[in-house]
Amino acid sequence: LYFDNYYPDCLMYFNEPLPFIPDFFKNVSESLAENGHPPLSHKQQDWFSFCMMGILSSNTVCWKENERNSLGLYTDNAQSWMFRHSCIAWEELFLAGVRETIREFNITKGALVIDETDRSRSKSTRKIYHVHYLKDKKSGGTVPGQCVVLLFLVTPSVSIPAGFEFYMPDPQRTIWRKEYNRLKKQGVPVKGRPLEPKRRKEYPTKQEIGVTLLQKFKLNFPDLRISAVNADALYGTGSFLEEAEKVYPQVISQLKGEQKIIIRGIKKSIR
């Protein structure tokens, strides 16, 4: 095993994972069993260990890259087949990984951070979940991609992803908004523009997704002491703050410099 930190000019090859990686997935498998879910088989643990080693060695998620770096230990087709056909409780696997990380670092308290990120995808994408057109900050146009709302647990020792959900705007509302704006530019009065369609439950807003992530986290990790929930200005709506404070009382969104906050009944300046 060659580490590019020490040999920056050479390629990194591996034929077996670092020792802590199989140990991690062994503990994750035990956590799944303890919570009433099927544990990972030995073959699944080996596959996950191989994939994790590939990600660490190349800093990317790429089956072909893993095949090259392992000198053909697993072909890209074999890796893809395991991912698509293995009977694994993926959501529970994620929670088990978070539990194991919390146990490993002996985490008892921390803060939660909600944010979202956009990931562009290929123009020929047809089957990837919740792909829609995103604003491209570089060109000012649009690109197909996915928007992921993330929940992070931030602690003094480590920060880990604690939840995520894909955001998808309601297609009916997207079509309505385009037509509404087109007629507005043409000078058509409000009465001549289409009525706004009701928002459908299967397409929640980013704020609603954020509240759901908080609720799930508290349900799965009730013993963790959360000092605050932080979010940017997008989540500074009254509805989000009201619902989020029902889960965790201390919610902080982006504020103006002259605003004040209330801590234990006392108003304080944020400066």
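That block above? That's the structure.
None of these values were measured; they are calculated from a predicted model.

A.B. asks: Residues and numbers for the overall build of the protein, please.
C.D. replies: If you tally the helices and strands in the protein, you get eight helices and eight strands. Counting all 271 residues of the protein, 33% fall into the buried class. Expressed as a percentage of contacts within the protein between residues at least 6 apart in sequence, the contacts between residues at least 24 apart total 58%. Carbon and sulfur atoms provide 54% of the accessible area of the protein, an area that totals close to 18300 Å².

A.B. asks: Describe in detail the packing of aromatic side chains, supporting the description with residues and values.
C.D. replies: Under the definition given, this model contains 13 aromatic pairs. Note on Phe24 and Phe25: the rings are 5.3 Å apart at their centroids and 85° apart in plane angle, and the pair reads as edge-to-face. Taking relative accessible area as the criterion, Phe25 reaches 6% and is therefore assigned buried. By the ring-pair criterion, three or more aromatic residues cluster together here, those being Phe24, Phe25, Trp47, Phe48, Trp63, Phe83 and Trp90. Above the ring of Tyr180, the side-chain terminus of Arg193 is found at 5.0 Å from the ring centroid.

A.B. asks: Give me the lowdown on unusual backbone geometry, citing residues and values where you can.
C.D. replies: At Leu71, a residue that is not glycine, the phi angle is positive and equals roughly 55°. Here Leu71 lies in the loop between α3 (63–69) and α4 (76–85). Although it is not a glycine, His130 adopts a positive phi angle of roughly 55°. Position of His130 relative to the elements: it lies in the loop between β1 (109–120) and β2 (132–135).

A.B. asks: How would you explain the side chain of Asn66 if you had to name every residue and give the values?
C.D. replies: Residue position: Asn66 is located in helix α3. Judged by relative accessible area, which is 2%, Asn66 ranks as buried.

A.B. asks: I'd like to hear about helix α1 (residues 20–34), residue by residue, with values.
C.D. replies: Taking 1.5 Å of rise per residue, the 15 residues of α1 would be expected to cover 21 Å, and the 21 Å separating its terminal C-alpha atoms lies within 8% of that figure. For α1, every residue scored as buried is listed here: Ile21, Phe25, Val28, Ser29, Ser31 and Leu32. Along the axis of α1, the buried residues cluster in a sector spanning 160°; they form a single face. Exposed residues lying more than 90 degrees from the buried face of α1 are Phe20 and Glu34. Buried residues along α1 sit in contact with α2 (42–58) and α5 (90–104). Of the residues trailing α1, Gly36 is marked for its positive phi of about 80°.

A.B. asks: Describe the nonpolar core, listing the residues and the values that go with them.
C.D. replies: Counting 31 residues, the largest nonpolar core has Leu112, Ile114, Leu153, Leu214 and Phe217 as the members making the most contacts within it. Looking at this core, the elements with two or more residues in it are α5, β1, β3 (142–154), β4 (159–167), α7 (206–220), β5 (225–231) and α8 (238–247). Per-element tally for this core: the top contributor is α7, with five residues. Core analysis: the next-biggest nonpolar cluster, separate from the first, contains 15 residues, Phe25, Trp47, Met53 and Ile88 among them.

A.B. asks: Account for the pairing of β3, with residues named and values stated.
C.D. replies: In this sheet, β3 lies alongside β1 in antiparallel orientation, the contact comprising 10 bridges. Looking across to β3, one finds that Val113 is bridged to Phe152. Relative to β3, β2 runs antiparallel, the two sharing four bridges. Across the sheet, residue Lys135 finds its bridge partner in β3, namely Thr142. With eight bridges connecting them, β3 and β4 associate as antiparallel partners. Paired with Val149 across the two strands is Glu165, which belongs to β4.

A.B. asks: So what about the side chain of Lys206? Which residues, and what values?
C.D. replies: The topology assignment puts Lys206 in helix α7. Buried and unpaired, Lys206 has Glu116 as its nearest opposite-charge partner, separated by 4.5 Å. With sequence-adjacent residues up to four places away left out, Lys206 is seen in contact with Glu116, Cys147, Val149, Tyr167, Leu234 and Tyr235.

Calculation rules
Residues numbered from 1 in each chain as written. Predicted model: local features only at pLDDT ≥ 70, side-chain atom pairs only at ≥ 80, totals over all residues. Heavy atoms only, no water. Helix = DSSP H or I, 4+ residues; strand = E, 2+ residues; numbered from the N terminus. Buried < 20%, exposed > 50% of the residue type's maximum accessible area, 1.4 Å probe, protein only. Contact = heavy atoms within 4.5 Å. Areas by Shrake-Rupley, 256 points an atom, 1.4 Å probe, with all protein chains shown as cover. Phe/Tyr/Trp six-rings, centres within 6.5 Å; stacked < 30°, edge-to-face > 60°. Lys NZ or Arg CZ within 6 Å of the ring centre and 35° of its normal. Expected span 1.5 Å × (residues − 1). Arc of directions from axis to C-beta. Core = buried A, V, L, I, M, F, W, Y, C linked by side-chain atoms within 4.5 Å. Pairing = 2+ DSSP bridges. Lys, Arg positive; Asp, Glu negative; His and termini not counted. Salt bridge = Lys/Arg side-chain N within 4 Å of Asp/Glu carboxyl O.

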